[in-house]
Amino acid sequence: MKKTRVFGYLVAVSLFGLILLTGCKDKEDGAGKKIILTGGFKSDEAFRIESESCTKTEIMVYLSNIKNIYENSYGETIWARKTPDGFTLDESVKETVLARVSKVKVLVLMASEKGIELSDEEKGRAVAAANTYFDSLSESDKSVLNADLETITGMYEDYALANKVYDSLTSDINPEISDDEARTITVKHILIRTYREGADGERIPYSEASVKSARDRAEEALRQINGGMSFEEAVAAYNEDEKSEYDFRRIDVSDEYEAVAFSLSQDEVSGVTETEDGFYIIKCISTSKKDDTEKNKSDIIAEERRKYFESEYDSFLSSLTGNLNDEVMTEVTFESISGVTTSSFFENYEYYFEAD
């Protein structure tokens, strides 16, 4: 039922799926875009995108912080889990770190092109954040990460500049959002699925005959409701969803579901509605949760800004070339940061840049 939503913009995008860098010669990717695969790396250089370079230390600082944030929340046993595509979670986190750092570097390049710079006051915040973070590192942490104050300061400046690019590009995106667009409704529904999940969590669509059977079952449920069965009784007898009651906004659900659910009056029951998930029968419990409206407007504006930014970002990204140092990246593993305890890099950023 729900749409996939992405929060924030310094997210785990597969950047190196777009400008990915391995090997030792030039080639073209599937879209015909040239990928420059040059040599000449410095010994500690993890990757290079155009004129922006990322060191092994930067990758290790990000990786150790994210690793320890995970462990502080979920315990060390979390790394035994596997992702749906079969990778261990530590491998997935390493790819996430590479994507996140590379996006920051692309945004630094974008800032240069657009003439966006940190003010002296912002540079001062970066210095303060770096000093606080560097002082929090044990001597062992500093040694393993090969971290120095200059590198940490540069990391905070890059992170702040990436955020400033986003703010600069999206500050004028302020669409008018009506109360209707922003309202939250409450519904109960009955779902008859038209897919099953495979062993790895992938969706396997039903056969044509099974889809017809699902439709027949949904229509049977609707007949029972129209014949006097209570909706709650029908939920108990027919619903294949893990629950039946939901609060949501228009942007949270599929177009087919939205069109029906938001047209219902309170206590009204829909007909059978087909979506990619299956067949729904929807009952409106509340047409609006007024307390949520203003917050929803802010969320929708934030989503519109994100979409605009990603369009600008993707256009800029398509012009770039880069190179990944496989040798250095192979050396960066959870084992290589074993014993490193740091986890406050991002917390310090929030304190110095977002506390106002």
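Residues numbered from 1 in each chain as written. Predicted model: local features only at pLDDT ≥ 70, side-chain atom pairs only at ≥ 80, totals over all residues. Heavy atoms only, no water.

Enquirer: Tell me about the sheet that holds strand 3 (residues 45-49), and please be specific about residues and values.
Expert: Spatial ordering of the open sheet is given by 4-3-11, a layout of three strands whose pairing is antiparallel. Each end of this open sheet is capped by a strand with a single partner; those strands are strand 4 (52-55) and strand 11 (322-324). The sheet shows a mean angle of 15 degrees between the axes of neighbouring strands, direction not considered. Bridge analysis of strand 3 against strand 11 gives three bridges, and the strand direction is antiparallel. Residue pairing for strand 11: Phe47 is matched across the bridge by Leu324. The sheet contacts of helix 2 (residues 89-114) involve strand 3, strand 4 and strand 11, and relative to strand 3 the element is tilted by about 45 degrees. (Pairing = 2+ DSSP bridges. Helix = DSSP H or I, 4+ residues; strand = E, 2+ residues; numbered from the N terminus. Axes fitted to C-alpha atoms, helices over the stretch in contact; angles between N-to-C directions. Contact = heavy atoms within 4.5 Å.)

Enquirer: Could you give an account of the environment of Asn348, with specific residues and numbers?
Expert: Mapped onto the fold, Asn348 is located in helix 12 (residues 345-353). Judged by its relative accessible area of 10%, Asn348 falls in the buried class. Spatially, the C-alpha atom of Asn348 lies 9.4 Å from that of Tyr156, the residues being 192 residues apart in sequence. (Buried < 20%, exposed > 50% of the residue type's maximum accessible area, 1.4 Å probe, protein only.)

Enquirer: I'd like a rundown of the packing of helix 3 (residues 120-136) against helix 5 (residues 149-170), residues and numbers included.
Expert: In contact at an axis separation of 8 Å, helix 3 and helix 5 are set at 135 degrees when each is read in the N-to-C sense. When the axes of helix 3 and helix 5 are compared, the pair comes out oblique. Pair helix 3 / helix 5 crosses with right-handed handedness. Of the residues in helix 5, those in contact with Glu122, Lys123, Ala126, Val127, Ala129, Ala130, Asn131, Tyr133 and Phe134 of helix 3 are Leu149, Ile152, Thr153, Tyr156, Glu157 and Lys164. Here the residues of the contact of helix 3 with helix 5 are counted per class, giving nine nonpolar, two polar and four charged. (Parallel < 35°, antiparallel > 145°, perpendicular 65-115°, else oblique. Left-handed = near helix turned anticlockwise from the far one by under 90°. Nonpolar A, V, L, I, M, F, W, Y, C, P; charged D, E, K, R; others polar.)

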